[in-house]
Amino acid sequence: MLEFQIPIHFEDISLSSNDKYSIKKIIDVNSQNENTILSNLDLIYEKIKKNSSDIVEHQCFDLLFSYLLNISKLTADQRNQIIKTLKYGITNLTSTITKEFQNKKKSHKNRGQKDDDEGEEEDEEINSSQNNESFKLKCLLYRNSLKMYIFFLEHYISYQHSSATKESTKSSTSENNETSTTNSSKKKSNKKKNSILDTWEQEEQKEAILTSIINLLELNLSTLWRLDYPEEEFINLLSKIIYAMIEQPTNLRSKSVKKLIFEVLSILISRYNHSFNFTSKIIHLLHNHESLPSHCADLYDFIYNYQQEQKKQQQQQQQQNIYSQTNQQQKNQTTFLISDIIREIGKQKEQRDTSGFKNLAKFLSELTDRLPKIVLPFVSLLLAHLDSESYLMRNAVTESIGFLIGKALNKVENDNNNKERKSEQEEEEEIENQKKNESDQLELLNILFERCRDINGYCRSSVLKTLSLLVNNNWVPKESYIQLTKISIERVSDKNSLVRKRAIILLSDILESNPYSPHLPTLLFKDKKDKLDSFIKLSFYNLKKKKELLKKSKKNKNNNNNKDDDNLNSQQVPDDNMELELQEEQDDEEQEEEEEITEKEIFEDIKLNKEQFFDLISMLVPFSGIKEFSPHRLPLYLEHLNKYLDSSCKFIDIINGTIDIMCQLMGSINPSDILESIHFIEVAHKYQIDRSKEAITKMLALVWNKEQSIKESTIRSFYELLIKDTREKIKSSLKSSYYIAKNLIDLTTTATLGEITSLEELMIEFNKKDFIDQDIIKALWDIFSGKVVNFNKQDSRGALIILSMIANNNSSVVKDKVNLLVSVGLEEQDDEFLPRYTCITLQKLRSKGLKETDQILPRFKNNQSLFERLIYHICYSTTKTTTTTANENNNINSKWFMFAEQAINTIYILAEQPDLISSEIIKKLSDQVLDENGETNQYSLSKLIFILGHIAIKQLVYVEEIQSEIKRIQYEQSKSKSINNNSNKKKTDIEKELGTDQAEAEAESEAIQCQAEADILSENNLIGKYSQLVVSICYNYNEIFSNEQFPNQLLQTSAVLTLSKFMCVDANFCESNLQLLFTLLEKSSIEVIRSNIIIGLGDLAFRFPNLVEPWTSKIYSRLRDPNANARKNSLMVLTHLILNDMIKVKGQISEMAICLEDSDIRISNIAKLFFTTLASKGNNLYNSLPDIIGKLTPASTVTSNLNNISKDSIKNILKYLFSFIEKDKQSETLIDKLLQRFKTSKSISESQNISFCLQLLNYNDKSLKKLLEHFKLYQDKLNENEIYNNLMLAIGKTKKQPNLTKTSEIKQLVDEIEKKINTARGQLTLGDTVQLVQEDGSSGTTATTTVSQPIQKPPSKPSKKAPAKKRAPSKKKHQSSSEEEESSEEESDDGEDRMIITPKKPISKPMVPTRKRQPVKKQSSESEQSSQNEQSSQSEQSSQSEQSSESDQSSEISDIDRMDITPKKPPKKPQPKQSKKKPASRLKKAVISESESESGSSFDDISE
């Protein structure tokens, strides 16, 4: 029989050969039908069933080979028969081989038992028997059969693998292209698929084949080959089967199949020398399959565990020498495999971030996770990847370092039994190993700390994730916690949102798993530290004293000894060197004595009694285990306590410092920043971090967030902090309710108005979710009424505030407590704020509940005691004004005004006839205006005027409510009539279609409402009689009602506020007093008055938009107010009006843009919020940009009454605004308009700002074409370095676009523009070279100018410069004094610097003579007399226009400053924008200047 040699390819076996087994005849499968093939396969199966080695016969082998060669043409049944035959043949052959070997072994054993002396002779007989021809033939037969089965099996499995991959690709494409199919077709296809399925797809079939292969490999196959190992081709054939199965994901999903595959590979590596080819195969698999990294790591783990089990078994069984030798070889086999694959991965580190390289990186981290101790010796190979260009590999290395720190270098506690068995040497070695591990651990941690500053954001986030893993598993040494905390805080400010998220998560993990204490209040640790420091200082002082006493005693002894020595050596001459040596010795001794005081001595000297010691360690968790006081261990305890307190105080200070950053992140645009900062603040509050309370109050604003996830997270966080945690700590529901009430009250103590509003919204959400139960409400009422001990007056007020918030959508909370509110809340004398909050709570009696069925309570009768008490407190509550100081008096006044406002609100909400009660209040307050001497009491008058204004505005609201109630009743009546009167159906249908009834009803109701509003301020009405008094006070507020005891600021404020409210009531009154209001706004020196007017104007713009619209520019002018609060209020009002479409966005919006660079952070933040919101509302911001650019770009600085905004600030404003331009169409339009702007630019700074705007935009092919088309517009500006640099930056940014290729149109356009710009700049610098020659002004020499090539200038537009000529005379009048003052300077500048233009010496940046204003002024005056040179005349016109505009502005400012307010009759209808009617003389100049500033915008012809 010939040897069957495994061919390289399956088809190669058909080649005939004399020295090896080959096929005799290949059968044509196409010539046979299905039944014939099945019958042939059945015959082969039956033959192999009898004898598995019959496959060697050509009758079986040739048929199987022919069928497998054309396996794709076979049916599923035929393929199933083939695999059935192969499976049975392998199992049967394995059993026969095992029986054969067992019989041999038994015969050998029997012979060996006869006589031990005859052992050597028997061995020789065995060897001789093995050399027999029969045994050789058996081995050859079994060997050939085995190779044939595996050969056929490999081809079958490879076919199944290839067909499976093809089907998966087809199914994926068909799923994308398929449409919906019917249920019947689906059922048919499923039936077909079930019938077509091969048995190979079943797990049982695969398990059977794999187990037979394992049983085969468990045999000693070396006897068959008569070599140490079987031939390499056979092993490779087996490995091909296994690797093909690994490539199929379905095989690895089954745990049993996966285990059997791994076991086959483990046997091949450990017994059949497959380790050399294993690494290359694994890397090939990882490159091509994304799902394999974790499975390959599992494979290495399985191989390691398998070899460990083999070692244990071989140690238990004493086997032959051969196996013991293989044991020695297997010891380092796993380490060899791991080192080999790490080295192979290292060779590929220069690859980019391909999918294959990504799989290798993932495999590396998974491998380290499973076998950290084996990977640890090769850490240097891992660290080499930190320099790799692939961020994925760097991520894998950092993850691996984390696993090495935690799993390989972490301390492992050994069992007590092991400790007893160890000798002293072993213990010393273990201690040294631990020290080495700790040093290695710190080194690897430092590497992770360094990688936190990686250039790639994904790497930084991956490192922080690894550090979080270490922290959560307590794998970080205590000494490194502070450094780790500092690094995580540093990354919280990272520019990458993912890094920030990971850093905040890491900080939360550090806080939750900190090694110091579960509670970290600063006071506790600082108090303990101060006490311990005092003991340390005392001990140090005592030791120092002892040392000094010892020094003195030593010195006395030395002096006595020196005297004796002097007597003995009196005859000797002293040596200088000896004296120096003695002094040095003394100094060294003193230094040694000073340095001898060590920490150990200090702690040993500290003497504490038992109470002092336990007082120091009380409430400190690490020392809670100390129950007994032992003085001999006291120094050790104190040393540890000192280190613990030092590190814990540092940690607490660092965590407290992060609260500011978290508060900033709560205002981030990114939702992940907000969510993680909420979680961190929640954790910080649980650990009692001091500044967490401050952060919680700021977190209240997130209740208004539009992002639902953020809002829900905020509500959940507050619920856990305020309610849930308290319930878990205190099990008693009643007791916990008081603590919850205290938590809610604490939020109101230091809260601002905005925080109170946010807290109110939070309470509404709590009510919706039923978080607040009746026990908490009862506890709040008990605290308010003073029934509970340990709660002060401030807590009582806070409880009332919370109750009023809860009552917003649950009026039953207040319904039964009216008497309590009146008796406690209104009669409280100690807390002057409590009556105000009592009124706010009473207003909630008529609030609507959450349910639709809840009804609003009816109004109360006027004779209720509640209204009597309110009238009394409004009219007679504050009478003491003579004995108080000015500050106290102002405080009392402000509290009364706050109370009176809410009291009037309460009356108008609850009373059935509030106008009668209001008239009574007005009469009583008017009686108090004149005192006993008949003099006017300013304070009483201020109260009266304030009450008049507020009653007027509430009466207006009351009238509107009545009108809406009338409409509702009429609608219900009409609805009932339409049901009853079916006869008039046709008529009602016609009226509905025409809408006559509805129009008549609306006109009638509107007329009634207008009449009611007019009656409020009519002269016949009580309030209307006081209207002229209010107007006269506003006209004459600088002169009348002055009194030393009561400053008139209160009266002025009340009068202006009431005037604004009166104007909101009646349109005629508003129209007649608008000019007065704006004059007060312009001239008032009191910031409160200006702010109140601005807020009132916001209401007027909503109520009477047509009246206020002509005065809009005056509202914008308040954005330059010198007071920050007035500017803030103006900006907020304008923001509200513009965003709610009450004011159209015009050119004055540039004033709001300037607020982006305001010195006050609040104003700049409001401006940013405004522009962000405006950008989200369609194209509003885009349409406003041309106006903003037109106002900001013309000059290098924007001058305002407040300050000068620098060029850098202008650039910052433009940069922020242009960041909202994202659409390509918008960029194209803006680029076109900006390029046109070059043509009309009048200064270099304006051109520079335009080029800066161009640099901020994104460019596509259309915008680049516009740059080429309009190249002539900016060609002459390219000699300016800043303009050239901005254009080149824009080109460079376009070049960095990701989709840019060499053949793309954008690349060609960019290259063309760059070339044109560079050539034009080169021509300008070469053709227009300028040399400046400076001469002495005293010499009086004239300069000569030679021009080789004149510089092109944009054509002048006389139409725009004509107004400058008309305003020239005003310039002379206004600047006459300034010209006289500057005459000496002009005389000294007669010898002006001249420019000589020569083509010889090129200068890159030519000097422009028009930049100097004074010499041009002189030159222009001379040119007016001569008028010979055209160029000088043009410069004259430009300089005159600039100077005249400046003089006009200064004259306008001076005219406004000269204005004063006199009591005049207000004009009826001031219309400042109409040309026929002239505006008032006091505002004439201001209106003219505003219209000129609007018409003089050089961007108006370009803006949309």
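Because the structure is predicted, anything quoted here is derived from the model rather than measured.

K.L.:
How should I be thinking about the overall build of the protein in this particular structure?
P.N.:
Across its full length, the protein carries 69 helices and four strands. Out of the 1504 residues belonging to the protein, those deemed buried represent 45%. Summarising the internal contacts of the protein: among those between residues at least 6 apart in sequence, 75% fall at separations of at least 24. Carbon and sulfur atoms provide 48% of the accessible area of the protein, an area that totals close to 82100 Å².

K.L.:
I'm lost on helix H57 (residues 1224–1240) in this one. Help?
P.N.:
Residues spaced three or four apart along an α-helix face the same direction, because each turn holds 3.6 residues. Here H57 is 17 residues long and its end C-alpha atoms lie 25 Å apart, about the 24 Å a rise of 1.5 Å per residue gives. Counting buried positions over the 17 residues of H57 gives twelve, a clear majority of the element. Those residues of H57 that fall on the buried side of the exposure criterion are Gln1226, Ser1227, Glu1228, Thr1229, Leu1230, Ile1231, Lys1233, Leu1234, Leu1235, Arg1237, Phe1238 and Thr1240.

K.L.:
When you look at the environment of Ser1018 in this model, what are you seeing that I'm missing?
P.N.:
You can see Ser1018 is positioned in the loop between helix H45 (996–1016) and helix H46 (1027–1035). Judged by its relative accessible area of 22%, Ser1018 is partly exposed. Put simply, Ser1018 and Asp1066 are 48 residues apart on the chain and 9.5 Å apart in space, counted from C-alpha to C-alpha. In this structure Ser1018 touches Gly1024 and Lys1025, once residues within four positions along its chain are discounted. At 3.0 Å, the side chain of Ser1018 forms a polar contact with the backbone oxygen of Asp1015.

K.L.:
Please explain the pattern of salt bridges as it appears in this structure.
P.N.:
Once the charged atoms of two side chains with opposite charge are near each other, the side chains can pair. For the structure shown, the criterion picks out 56 salt bridges. Its salt-bridge partner being Arg869, residue Glu827 comes within 2.8 Å of it at the nearest N-O pair. Of this pair, Glu827 sits in the loop between helix H38 (818–826) and helix H39 (834–843) while Arg869 sits in helix H40 (residues 865–876), placing them 42 residues apart in sequence. It is possible to trace a salt-bridge network through shared partners that takes in Arg453, Arg460, Glu490, Arg491 and Asp494.

K.L.:
Any chance you could explain the packing of aromatic side chains here in plain terms?
P.N.:
Between two aromatic rings, the relevant description is the distance of the centres plus the angle of the planes. Evaluation of the coordinates by the stated rule reveals 33 aromatic pairs. An angle of 65 degrees between the planes, with centres 5.8 Å apart, marks the rings of Phe4 and Phe151 as edge-to-face. Pair noted here: Phe4 is in the segment before helix H1 (34–50) and Phe151 is in helix H5 (residues 133–177), with a separation of 147 residues, a long-range link. The same class applies to Phe4 and to Phe151, which are both buried. Relative to Tyr644, the ring of Tyr516 has its centre 6.4 Å away and its plane inclined at 45 degrees; by these criteria the two rings are tilted. Here Tyr516 is found in the loop between helix H24 (497–512) and helix H25 (522–568), whereas its partner Tyr644 is found in helix H29 (residues 634–665), with 128 residues between them in sequence. In this structure Tyr644 comes out as buried when scored by relative accessible area, which is 9%. Within the aromatic cluster, the residues linked to one another by ring pairs are Phe4, Phe61, Phe65, Phe151 and Phe152. For the cation-ring pair, Lys84 lies above Tyr45, with the distance from its terminal atom to the ring centre recorded as 4.8 Å. Lying over the aromatic face of Tyr837, Arg836 brings its terminal NZ or CZ to 5.2 Å of the ring centre.

K.L.:
Hey, could you run me through unusual backbone geometry in this one?
P.N.:
Phi is mostly negative for residues that are not glycine, and the peptide bonds are mostly trans. Positive phi, normally seen in glycine, also occurs at Met619, with a value near 65 degrees. By the secondary structure assignment, Met619 is in the loop between helix H28 (610–617) and H29. Taking the relative accessible area as the measure of exposure, Met619 reaches 64% and is therefore exposed. Of note, the phi angle at Gln688 is positive, near 60 degrees, even though the residue is not glycine.

K.L.:
Can you walk me through the side chain of Ser480 in this structure?
P.N.:
Turning to its location among the elements, Ser480 is positioned in the loop between helix H22 (457–472) and helix H23 (481–492). Residue Ser480 is classed as buried on the basis of its relative accessible area, which comes to 5%. Those residues in contact with Ser480, other than ones at most four positions away along the chain, are Leu442, Leu445 and Phe449.

K.L.:
Any chance you could explain H38 here in plain terms?
P.N.:
Residues of H38 that are buried include every one of Val818, Leu821, Val822, Gly825 and Leu826, and no others. Angular distribution of buried residues about the axis of H38 spans 105 degrees; they occupy a single face of the element.

K.L.:
Teacher, can you tell me more about a negative patch on the surface here?
P.N.:
There is a patch of like negative charges on the surface, built from Glu424, Glu426, Glu427, Glu428, Glu429 and Glu432. Of note, Glu427 is situated in helix H21 (residues 424–451).

K.L.:
Looking at this structure, I do not really get the nonpolar core. What am I missing?
P.N.:
The tendency in soluble globular proteins is for nonpolar side chains to be buried as a group. Counting 368 residues, the largest nonpolar core has Leu467, Ile874, Ile947 and Phe1171 as the members making the most contacts within it. When residues of this core are assigned to their parent elements, the largest contribution, 16 residues, is made by H29.

K.L.:
Looking at this structure, how should I read the packing of H24 against helix H30 (residues 671–686)?
P.N.:
Helix packing for two helices is described by the angle between their axes and how far apart those axes are. The contact between H24 and H30 brings their axes to 9 Å, and the two run at 10 degrees. With respect to H30, the axis of H24 lies roughly parallel. The residues of H30 that touch H24, namely those facing Ser497, Arg500, Lys501, Ile504, Ile505, Leu507, Ser508, Leu511 and Glu512, are Ser672, Asp673, Glu676, Ser677, His679, Phe680, Val683 and Ala684. Per-class residue counts for the contact of H24 with H30 are seven nonpolar, five polar and five charged.

K.L.:
For this particular structure, what's the right way to read the confidence of the model for the protein?
P.N.:
Any segment with low pLDDT has predicted coordinates that should not be analysed in fine detail. On average, residues of the protein score 77 in pLDDT, and 74% of them reach the 70 mark or higher. Counting interchain partners and residues more than four positions distant, the pLDDT-below-50 stretch residues 178–195 has one contact. Note on residues 1199–1203: pLDDT under 50 across the span, and ten contacts to partners over four residues away in sequence or across chains.

K.L.:
How do you make sense of the layout of surface pockets when you look at a structure like this?
P.N.:
The method is simple in principle: a probe with the dimensions of a water molecule rolls over the atoms, and the space it marks as empty is what remains. Its volume calculated, the second largest pocket comes out at about 2300 Å³. Contributing to the lining of the second largest pocket are 42 residues, with Met666, Gly667, Ala701, Asn1165 and Leu1169 lying nearest its centre. Mapped by element, the contributors of at least two residues to the lining of the second largest pocket are H29, H30, helix H31 (692–699), helix H34 (753–768), helix H49 (1087–1103), helix H52 (1124–1139) and helix H54 (1161–1176). Per-element accounting of the lining of the second largest pocket gives the leading share, nine residues, to H54. Taken together, the residues of the lining of the second largest pocket sort by class into 17 nonpolar, 17 polar and eight charged.

K.L.:
Where do I start with the environment of Ser1209 in this structure?
P.N.:
Within the secondary structure, Ser1209 sits in helix H56 (residues 1207–1218). For the pair Ser1209 and Glu1157, spaced 52 residues apart in the sequence, the C-alpha separation amounts to 6.3 Å.

K.L.:
What am I meant to see in the side chain of Arg143 here?
P.N.:
Relative to the helices and strands, Arg143 is located in helix H5. The buried category is assigned to Arg143, whose relative accessible area is 12%. In this view, Arg143 contacts Glu3, Leu224 and Trp225; residues no more than four positions away in its chain are not counted.

K.L.:
Would you mind showing me how to read the environment of Ile1283 here?
P.N.:
In this fold, Ile1283 is placed in helix H61 (residues 1281–1295). Along the primary structure Ile1283 and Ile1244 are separated by 39 residues, whereas in three dimensions their C-alpha atoms are 9.1 Å apart. Once you skip the residues sitting within four places of it in the chain, Ile1283 turns out to touch Ser1247, Gln1248, Ser1251 and Lys1277.

K.L.:
Quick question: what am I supposed to make of the packing of H29 against H31 here?
P.N.:
Here H29 crosses H31 at 5 degrees, and the two axes come no closer than 10 Å. Overall, the two elements H29 and H31 adopt an arrangement that is roughly parallel. Each of Ile659, Asp660 and Cys663 in H29 lies in contact with H31, whose residues at this interface are Ser692, Glu694, Ala695 and Lys698. In terms of residue class, the contact of H29 with H31 is built from three nonpolar, one polar and three charged.

K.L.:
Is there a simple way to explain the state of the cysteines in this structure?
P.N.:
Between two cysteines, a covalent bond joining their sulfur atoms is known as a disulfide. Taken as a whole and judged by the stated rule, the model has zero disulfides. Of the cysteine sulfurs around Cys1064, a residue in no disulfide, the closest is that of Cys1070, at 7.4 Å. For Cys1064, a relative accessible area of 7% corresponds to the buried category.

Calculation criteria
Residues numbered from 1 in each chain as written. Predicted model: local features only at pLDDT ≥ 70, side-chain atom pairs only at ≥ 80, totals over all residues. Heavy atoms only, no water. Helix = DSSP H or I, 4+ residues; strand = E, 2+ residues; numbered from the N terminus. Buried < 20%, exposed > 50% of the residue type's maximum accessible area, 1.4 Å probe, protein only. Contact = heavy atoms within 4.5 Å. Areas by Shrake-Rupley, 256 points an atom, 1.4 Å probe, with all protein chains shown as cover. Expected span 1.5 Å × (residues − 1). Polar contact = N/O pair within 3.5 Å; in protein donor to acceptor, adjacent residues only side chain to side chain. Salt bridge = Lys/Arg side-chain N within 4 Å of Asp/Glu carboxyl O. Phe/Tyr/Trp six-rings, centres within 6.5 Å; stacked < 30°, edge-to-face > 60°. Lys NZ or Arg CZ within 6 Å of the ring centre and 35° of its normal. Arc of directions from axis to C-beta. Patch = residues over 30% accessible without salt bridge, like charges linked within 9 Å, V, L, I, M, F, W, Y side chains within 5 Å. Lys, Arg positive; Asp, Glu negative; His and termini not counted. Charge placed at Lys NZ, Arg CZ, Asp CG, Glu CD. Core = buried A, V, L, I, M, F, W, Y, C linked by side-chain atoms within 4.5 Å. Axes fitted to C-alpha atoms, helices over the stretch in contact; angles between N-to-C directions. Parallel < 35°, antiparallel > 145°, perpendicular 65-115°, else oblique. Nonpolar A, V, L, I, M, F, W, Y, C, P; charged D, E, K, R; others polar. pLDDT = per-residue confidence, 0-100. 1 Å grid on protein atoms, 1.4 Å probe; cavity = no way out; pocket = protein on both sides within 12 Å on 5 of 7 lines; lining within 4 Å. Points joined across faces, edges and corners; volume = space filled by probe spheres on them. Disulfide = S-S within 2.5 Å.

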